[in-house]
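Observations on chain architecture
Below, each chain spelled out in residue letters.
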Amino acid sequence: MKINRIDIKDFRQFKDLSIDLTYPEGHIKAGQPLDKVCFIGQSGTGKTTILDLIRFYTQAFSNNSNSIIEIPLSISGNIKIDYLYEGKIFTARQEELSPQTRTTILGLLRPVTNNPDISLARSIVKTILYYFPAEILWSFEKFGKINLKQADKGEYSQEYIREIVEKLQKTEVIDFSSIPPVEVWYYILKDLLDHREQETQKRLAISNIAENLNVSPEAIQQKVEELNEWRKKNPSPINSLADALDPIIKDFKVKIKRELDFKSTKDLFTIQLQTFEGTDIDTNFWSTGTKQVILTAIPLIKLPTEDRIVLIDEPERSLYPDKQAEIINFYTRIAPEAQFFFATHSPIVASSFEPWEIVELKFNETGKVYREVYFSGENHIDNYTIDPRYYKYGTVLKNIFDMKIEGGDSDFRNKAQMRASYLADQIKELNRVGKVSEAQALYPEYKDLAEKLDWELAD
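Here's what I pulled together on the structure shown here. All figures in this text were calculated on a predicted structure; none of them were measured in a lab.

Thresholds applied
Residues numbered from 1 in each chain as written. Predicted model: local features only at pLDDT ≥ 70, side-chain atom pairs only at ≥ 80, totals over all residues. Heavy atoms only, no water. Helix = DSSP H or I, 4+ residues; strand = E, 2+ residues; numbered from the N terminus. Buried < 20%, exposed > 50% of the residue type's maximum accessible area, 1.4 Å probe, protein only. Areas by Shrake-Rupley, 256 points an atom, 1.4 Å probe, with all protein chains shown as cover. Expected span 1.5 Å × (residues − 1). Bend = angle between axes of the 7 residues up to and from the residue. Salt bridge = Lys/Arg side-chain N within 4 Å of Asp/Glu carboxyl O. Pairing = 2+ DSSP bridges. Axes fitted to C-alpha atoms, helices over the stretch in contact; angles between N-to-C directions. Contact = heavy atoms within 4.5 Å. Arc of directions from axis to C-beta.

Points about the overall build of the protein chain
- Along its length, the protein chain carries 17 helices and 14 strands.
- Looking at the protein chain as a whole, 46% of its 459 residues are labelled buried.
- Carbon and sulfur atoms make up 50% of the accessible area of the protein chain, which amounts to about 23600 Å² in all.

Some remarks on helix H13 (residues 321–334)
- Taking 1.5 Å per residue as the helical rise, H13 with its 14 residues ought to reach 20 Å, and the 21 Å between its terminal C-alpha atoms agrees with that figure.
- Helix geometry: H13 is bent most strongly at isoleucine 327, by close to 35°.
- Those residues of H13 lying buried are Lys323, Gln324, Ile327, Ile328, Phe330, Tyr331 and Ile334.

Things to note about the pattern of salt bridges
- The full count for this structure, using the stated rule, is 27 salt bridges.
- The residue arginine 55 makes a salt bridge to aspartate 52 at a minimum N-O spacing of 2.6 Å. Here arginine 55 pairs with aspartate 52, and both are found in helix H1 (residues 47–62), just three residues apart, close to one helical turn. Of the two residues examined, arginine 55 and aspartate 52, each falls in the buried class.
- When the shortest N-O distance is used, the salt bridge between glutamate 445 and arginine 419 registers 2.9 Å. Of this pair, glutamate 445 sits in helix H17 (residues 436–452) while arginine 419 is found in helix H16 (residues 410–432), placing the two residues 26 residues apart along the sequence.

A word on the sheet that holds strand S11 (residues 309–313)
- Across the sheet, which stays open at both edges, the seven strands sit in the order S7-S6-S11-S12-S3-S13-S14 with mixed pairing between neighbours. The open sheet terminates on both sides in strands that have one partner only, identified here as strand S7 (173–175) and strand S14 (369–372). With direction set aside, neighbouring strand axes in the sheet form an average angle of 20°.
- Relative to S14, strand S13 (residues 358–363) is paired through four bridges, and the arrangement is antiparallel. For lysine 362, the partnering residue across the bridge sits in S14 and is tyrosine 370.
- In the packing of helix H12 (residues 288–302) onto the sheet, contacts are made with strand S6 (129–132), S11 and strand S12 (339–343), and the angle to S6 comes to roughly 170°.
- With respect to the sheet, H13 is in contact with strand S3 (36–41), S11 and S12, its orientation differing from that of S12 by roughly 155°.

Quick notes on the environment of asparagine 431
- Take asparagine 431: it is sitting in helix H16.
- Residue classification places asparagine 431 among the partly exposed positions, given a relative accessible area of 37%.
- Apart from the residues lying within four places of it in its own chain, the contact partners of asparagine 431 are Val436 and Ala439.

Regarding helix H8 (residues 190–210)
- For H8, spanning 21 residues, the distance from its first C-alpha to its last is 30 Å, which sits close to the expected 30 Å at 1.5 Å a residue.
- Looking at H8, one finds that the buried residues are Leu192, Leu193, His195, Arg196, Glu199, Thr200 and Ile206. Looking straight down H8, one finds that the buried residues subtend no more than 160° of arc, so they occupy a single side.

So this is what it looks like as structure tokens:
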């Protein structure tokens with residue numbers, strides 16, 4: 001299930017916006033829905049709004065009944081989203097309601113298509129969208145505080161966890177801005193919790209046997225060998241998580257803790273981090289960038305992502321520029337069959353996309369939003385005049401993000417540039433006329449300015 005077109009008319013700042021989300025002619029995937037999309041634009045142009053529209057309309061599309069589904073009254077306008085599934089176009093669009101009805105409820109018609117039976121798509125694809133808001137870190141505190149004491153109280157009993165799993169398996173949209181975080185994390189990590197519970201029971205059984213003075217060492221050793229054999233046949237799910245996460249968090253100088261060593265009851269119920277030397281890091285001391293990556297990556301690793309739609313608002317949050325340069329490839333690598341929609345303010349993130357994958361939103365003179373296209377003539381890969389993959393980051397800021405200055409204090413920089421240019425000319429002229437010692441006397445000042453300005457040094 002992938003989106004291949006969005007049309008928005010007479011909705012908020014959008015007067016008449018049509019977004020073709022397919023690969024252009026000349027591309028090996030020409031006509032197919034884009035695998036990833038990047039929304040950029042000034043604050044207020046509607047990047048997050050479009051993510052919200054996708055979220056609401058996709059939920060309506062996947063609703064298992066043909067009745068009207070309620071969505072927020074603020075979503076009012078002529079909006080249509082086309083989905084491609086198994087070669088057929090399905091459309092979610094706004095119900096045409098009377099003015100009286102429209103004041104109390106806003107709904108969607110069931111998706112319409114040339115094939116009126118949509119039950120096939122709905123029955124095969126259950127949860128079809130994951131939404132990660134920019135504020136996802138709010139859920140981290142509760143995630144980090146799940147512990148054995150709460151489980152002992154029955155608050156997180158196996159029956160309770162089973163109810164959570166059954167409920168979320170029927171949920172069309174897993175929305176990290178609304179689903180209780182404890183519930184969604186138990187749903188995502190259930191296999192890990194089950195494995196740890198089984199290992200804990202087996203280790204406790206060995207401990208109980210060892211406390212019996214009448215049991216021979218051979219009997220204890222036999223139970224230990226049985227545990228090791230069980231581990232070989234049932235590797236911990238933490239290993240696959242660590243294999244996926246460690247390459248991206250290694251630059252934070254941390255790694256996923258793989259062992260279950262009972263140093264803390266949190267070992268049973270949460271993902272733990274260690275330093276490279278093996279020292280445990282309390283969740284209170286995780287960096288915000290580490291939290292951001294782990295909270296968004298684990299669901300994509302653990303949940304089904306084939307034919308799913310993934311929305312991530314501000315993926316650059318709390319990440320250093322070098323990690324921003326890697327983060328898009330990281331997400332698409334761990335969920336290669338999903339369709340991603342990102343909204344970003346980062347030129348570094350934008351540079352990770354092909355030009356036809358970028359939807360740049362701009363205000364016109366009347367305050368309405370339009371899409372800035374990067375090609376002239378027909379939509380063909382050879383007709384694109386802007387391609388951020390070829391740009392240095394400064395050029396991305398200038399040509400795509402419309403920065404008017406190169407950076408820093410423009411007056412201060414201009415004076416420094418003028419002085420450095422003057423010195424370069426003087427040095428060149430003095431060398432030409434044989435006044436080498438005078439040229440050498442000027443060179444330290446020129447060299448200092450050139451390095452500060454990030455210039456290539458003149459000979």
